[in-house]
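Report on the structure
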Amino acid sequence: MALRDILTVADHTAILKQKSAPVDQVDDALRVLMDDMLETMYAAPGIGLAAIQIGVAQRVIVMDLAREGEEPRPQYFVNPEILEMSDEMFVYEEGCLSVPDIYDDVERSSRVLIRYQNYQGEQVEEWAEELYAICIQHEMDHLEGILFIDHLSRLKRERAIAKVKKARKVP
Ligand code: NI
């Protein structure tokens, strides 16, 4: 496993805005990518990471929503799709490893029915609720080149990007 660099909006907005391509098959090469992504996410630390955040434009996400003190619970999502989403919404203060140290409220569906392939390449269909629902919607946005700050007002978004760029320049 290897740690990969996480791209941020300070320097890599163009890459982060790319749309990711579907994965043909879940093979050992893809599992190496998923292992690297998980290690990189844990090291950050974060609870979710999309492949485009390390510069790989493939529809792959890793996540671990275990709380502190709980056993790690890594989850892997290949080619995830949302089949249904609740009308009921949920507001959560989100952050993103590609927009470091910025947090703001985003409203999303509180339940989503998702279909994806897991680490073994098996197809899974399940309802995601609460933090799981929020997180998978946030990460799936990355696959479309959308960041959580794109859900904010233009003013807030520009301020966030300026703040990240300024923070980067401090040695
Ligand atoms: Ni993110």
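Every residue gets a number counted from 1 within its own chain, in the order that chain's sequence is written. The predicted origin of the model limits local features to residues at a pLDDT of at least 70 and limits the giving and counting of side-chain atom pairs to 80 or more, whereas totals for whole chains, interfaces and linings rest on all residues. Water and hydrogen atoms were dropped before computing side-chain values, which therefore reflect all heavy atoms in the structure.

**Topic: the sheet that holds strand S3 (residues 74-85)**
Definition in use: Note on pairing: DSSP must find at least two bridges between two strands before they are called paired. Per the convention used, a helix needs a DSSP run of H or I reaching at least four residues, while a strand needs a run of E reaching at least two, with both numbered from the N terminus. Throughout, an axis means a line fitted to C-alpha atoms (over the contacting stretch in the case of helices), and angles, computed between N-to-C directions, take values from 0 to 180 degrees. Here, residues are in contact when the closest pair of their heavy atoms is within 4.5 Å.
Ordered by their spatial adjacency, five strands build an open sheet running S1-S2-S3-S6-S7, and the pairing between neighbours is antiparallel. Single-partner strands in this sheet number two, and they are strand S1 (48-50) and strand S7 (123-129). For this sheet, the mean angle separating the axes of adjacent strands, direction not counted, is 40°. Sitting on the sheet, helix H2 (residues 28-43) is in contact with S1, strand S2 (60-64) and S3, with an inclination near 40° to S2.

**Let's talk about the state of the cysteines**
Note on terminology: disulfide describes a covalent bond linking the sulfur atoms of two cysteines. So the rule is basically this: Note on disulfides: each one is a pair of cysteine sulfur atoms within 2.5 Å.
The final tally for this structure, using the stated rule, is zero disulfides. Distance from the sulfur of cysteine 135, which forms no disulfide, to the nearest cysteine sulfur (cysteine 96) is 9.9 Å.

**A short note on the packing of aromatic side chains**
What counts here: Any two rings among Phe, Tyr and Trp, with Trp reduced to its six-membered ring, count as a pair given centres within 6.5 Å; such a pair is stacked if its planes are under 30 degrees apart, edge-to-face if over 60, and tilted if neither. Here the term buried applies to any residue with accessible area under 20% of the maximum for its type, exposed to any over 50%, and partly exposed to those in between, with areas from a 1.4 Å probe on protein chains only. A ring is scored as having a charge over it whenever the NZ atom of a lysine or the CZ atom of an arginine sits within 6 Å of its centre and within 35 degrees of its normal.
For the structure shown, the criterion picks out four aromatic pairs. Ring geometry for phenylalanine 77 and tyrosine 132: centres 6.2 Å apart, planes at 50°, overall tilted. Of this pair, phenylalanine 77 sits in strand S3 while tyrosine 132 sits in helix H3 (residues 130-143); the two residues are 55 residues apart in sequence, bridging distant segments of the chain. Overall, phenylalanine 77 belongs to the buried group, its relative accessible area being 0%. It is arginine 31 that lies over the ring of tyrosine 119; its NZ or CZ is 6.0 Å from the centre. A cation over a ring is seen here: arginine 111 above tryptophan 127, with NZ or CZ 4.3 Å from the ring centre.

**Structural notes on the environment of alanine 160**
Within the fold, alanine 160 resides in helix H4 (residues 154-169). The spacing of alanine 160 and aspartate 27 is 133 residues in sequence and 38 Å in space, taken between C-alpha atoms. Beyond its immediate sequence surroundings of up to four residues, alanine 160 is in contact with Ile102 and Ile149.

**Some words on the coordination of the nickel ion**
Here is the rule we go by: For Na, K and Ca the donor cut-off is 3.2 Å, while for other metals it is 2.8 Å, and in both cases only N, O and S atoms qualify; water is not among them, so sites may look incomplete.
The protein atoms that coordinate the nickel ion are Cys96 (SG), His138 (NE2) and His142 (NE2), at distances of 2.1 to 2.3 Å. Counting the intervening residues between successive donors of the nickel ion yields the motif C-x41-H-x3-H. Of this pair, histidine 138 and histidine 142 are both found in helix H3, four residues apart, which corresponds to roughly one turn of the helix. The two residues histidine 138 and histidine 142 agree in class, both being buried.

**Let's talk about the pairing of strand S6 (residues 111-117)**
Sheet topology note: the S3/S6 ladder contains five bridges and is antiparallel. Note that in S6 the partner of valine 78 across the bridge is glutamine 117. Relative to S7, S6 runs antiparallel, the two being bridged by seven bridges. Bridge pairing in S7 links arginine 111 to glutamate 129.

**What about H3?**
Inclusion rule: How far a helix is expected to stretch is found by multiplying one less than its residue total by 1.5 Å.
Taking 1.5 Å as the rise per residue, H3 with 14 residues should run 20 Å; its terminal C-alpha atoms sit 21 Å apart, in good agreement. Within H3, 12 of the 14 residues are buried, which leaves the element mostly enclosed by the surrounding structure. Looking only at H3, the buried set comprises Tyr132, Ala133, Ile134, Cys135, Ile136, Gln137, His138, Glu139, Met140, Asp141, His142 and Leu143. Following H3 by one or two positions, glycine 145 has its phi on the positive side, about 80°.

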